[in-house]
Amino acid sequence: MELKQRRIWDRRHFKLLEDGVWLRQISPTDDVELKVKYEELGLEVAYIRNKSASLVYGSLLFLSTITGRMVLRDIDLNDTSDIVLLTAICAFVLILLLMAWMDSNKPLIIINGGEKKIALLRNSPDATTVDQFINELHSRIVDRIIKVRVRPHDPELNYRYKKSSLDLLLEEKVIDEVKYDQILRQISENNQNRIGFANSFSEFEDEDNEEDLDL
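Residues numbered from 1 in each chain as written. Predicted model: local features only at pLDDT ≥ 70, side-chain atom pairs only at ≥ 80, totals over all residues. Heavy atoms only, no water.

Describing the sheet that holds strand 2 (residues 10-16)
Note on sheets: strands pair through backbone hydrogen bonds, and any given pair is parallel or antiparallel.
Thinking step 1. On the basis of which strands lie adjacent, the open sheet formed by 4 strands has the order 1-2-3-4 and antiparallel pairing. Of all the strands in the sheet, just strand 1 (2-7) and strand 4 (31-37) have a single pairing partner and so form its edges. Each neighbouring strand pair of the sheet contributes to a mean axis angle of 10 degrees, computed without reference to strand direction.
Thinking step 2. The sheet contact formed by strand 2 and strand 3 (residues 20-26) spans 6 bridges and is antiparallel. What sits directly across from H13, in strand 3, is R24.
Thinking step 3. Most of the contacts of helix 3 (residues 127-149) go to strand 2, to which it runs at about 40 degrees, and overall it touches strand 1, strand 2 and strand 3. (Pairing = 2+ DSSP bridges. Helix = DSSP H or I, 4+ residues; strand = E, 2+ residues; numbered from the N terminus. Axes fitted to C-alpha atoms, helices over the stretch in contact; angles between N-to-C directions. Contact = heavy atoms within 4.5 Å.)

Let's talk about the side chain of K162
Thinking step 1. Topologically, K162 is positioned in helix 4 (residues 159-171).
Thinking step 2. For the buried K162, no salt bridge is present, and the opposite-charge side chain at shortest range is D154, 6.1 Å distant.
Thinking step 3. Contacts of K162, omitting those with residues within four sequence positions, involve V150, R151, P152, H153, D154, L157 and I187. (Buried < 20%, exposed > 50% of the residue type's maximum accessible area, 1.4 Å probe, protein only. Lys, Arg positive; Asp, Glu negative; His and termini not counted. Salt bridge = Lys/Arg side-chain N within 4 Å of Asp/Glu carboxyl O.)

Side note on the environment of D154
Thinking step 1. Structurally, the position occupied by D154 is in the loop between helix 3 and helix 4.
Thinking step 2. When the C-alpha positions of D154 and N190 are compared, they lie 9.1 Å apart, and in sequence the two are 36 residues distant.
Thinking step 3. One polar contact links D154 to R151, side chain to side chain, over a distance of 2.4 Å.
Thinking step 4. A polar contact is formed between the side chain of D154 and the backbone nitrogen of E156, at a distance of 3.0 Å. (Polar contact = N/O pair within 3.5 Å; in protein donor to acceptor, adjacent residues only side chain to side chain.)

A few points about the sheet that holds strand 5 (residues 44-48)
Thinking step 1. The strand order across the open sheet built from 3 strands is 5-6-7, with neighbouring strands paired in antiparallel fashion. A single partner strand is all that each edge strand has here, and the edge strands are strand 5 and strand 7 (118-121). Across the sheet, the mean angle from the axis of one strand to that of its neighbour is 25 degrees, orientation sign disregarded.
Thinking step 2. Relative to strand 7, strand 6 (residues 108-112) is paired through 4 bridges, and the arrangement is antiparallel. Its bridge partner being in strand 7, I109 is matched across the sheet by L120.
Thinking step 3. Taken strand by strand, helix 3 contacts strand 5, strand 6 and strand 7, and its axis lies near 5 degrees from that of strand 6.

As for the packing of aromatic side chains
Thinking step 1. Under the counting rule described, the total for this entry stands at 1 aromatic pair.
Thinking step 2. Centre to centre, the rings of F14 and F133 are 6.0 Å apart; their planes meet at 55 degrees, and the pair counts as tilted. Here F133 lies in helix 3 and F14 lies in strand 2, a separation of 119 residues in the sequence. Each member of the pair, F14 as well as F133, carries the same accessibility label: buried.
Thinking step 3. Taking the ring centre of W22 as reference, the NZ or CZ of K15 above it sits at 5.4 Å. (Phe/Tyr/Trp six-rings, centres within 6.5 Å; stacked < 30°, edge-to-face > 60°. Lys NZ or Arg CZ within 6 Å of the ring centre and 35° of its normal.)

Some words on helix 3
Thinking step 1. A rise of 1.5 Å per residue sets the reference length of helix 3, with its 23 residues, at 33 Å; its end C-alpha atoms lie 32 Å apart and thus fit the reference within 8%.
Thinking step 2. Among all positions of helix 3, only V130, F133, I134, L137, H138, I141, V142, I145 and I146 are buried.
Thinking step 3. Count one or two residues on from helix 3 and you reach R151, which has phi positive near 50 degrees. (Expected span 1.5 Å × (residues − 1).)

Set out below in structure tokens:
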């Protein structure tokens, strides 16, 4: 599964791989490409709007408006230098308006709670697509945590250890009751199969011993 996002001067590309998330972010100042393992991410979601930047743009716009008004009092449209100055002021104001609009329309979603975090654009290409991507990402993070901490398919670990590890994930709210019951069922089935295999192997050993005694 992958997600491509874009805003003016901001390109983000995410891919969910088997063992982690590959991402690339391109902006006027950065070109970042990296891969983050699922177990390095957390399940917390933060919604962020950069209000401080909006205040900066608003303040600059206010100051430029006042400055422009003072300059326009004595401007002469028949003078080439005054026309150039007026054009520069208008261009500066338009750029500030554009940057303020871009900032106010670029809310971010931060996936954190782990060793590393990643940031996604909230509404690109749309909120529904982003939510679907985050849900799939969370599902893979949970599956990876279970694989690393519980190790439900490891034959060398006993049932008690696996269940206690699973209980801890439930207490930490990494998994819910439905996921808990599902994994616990798998652990129980694997344990029964292992015991059944061990019993069958013991029966074969007993039969071999009986044949040796007959001989």
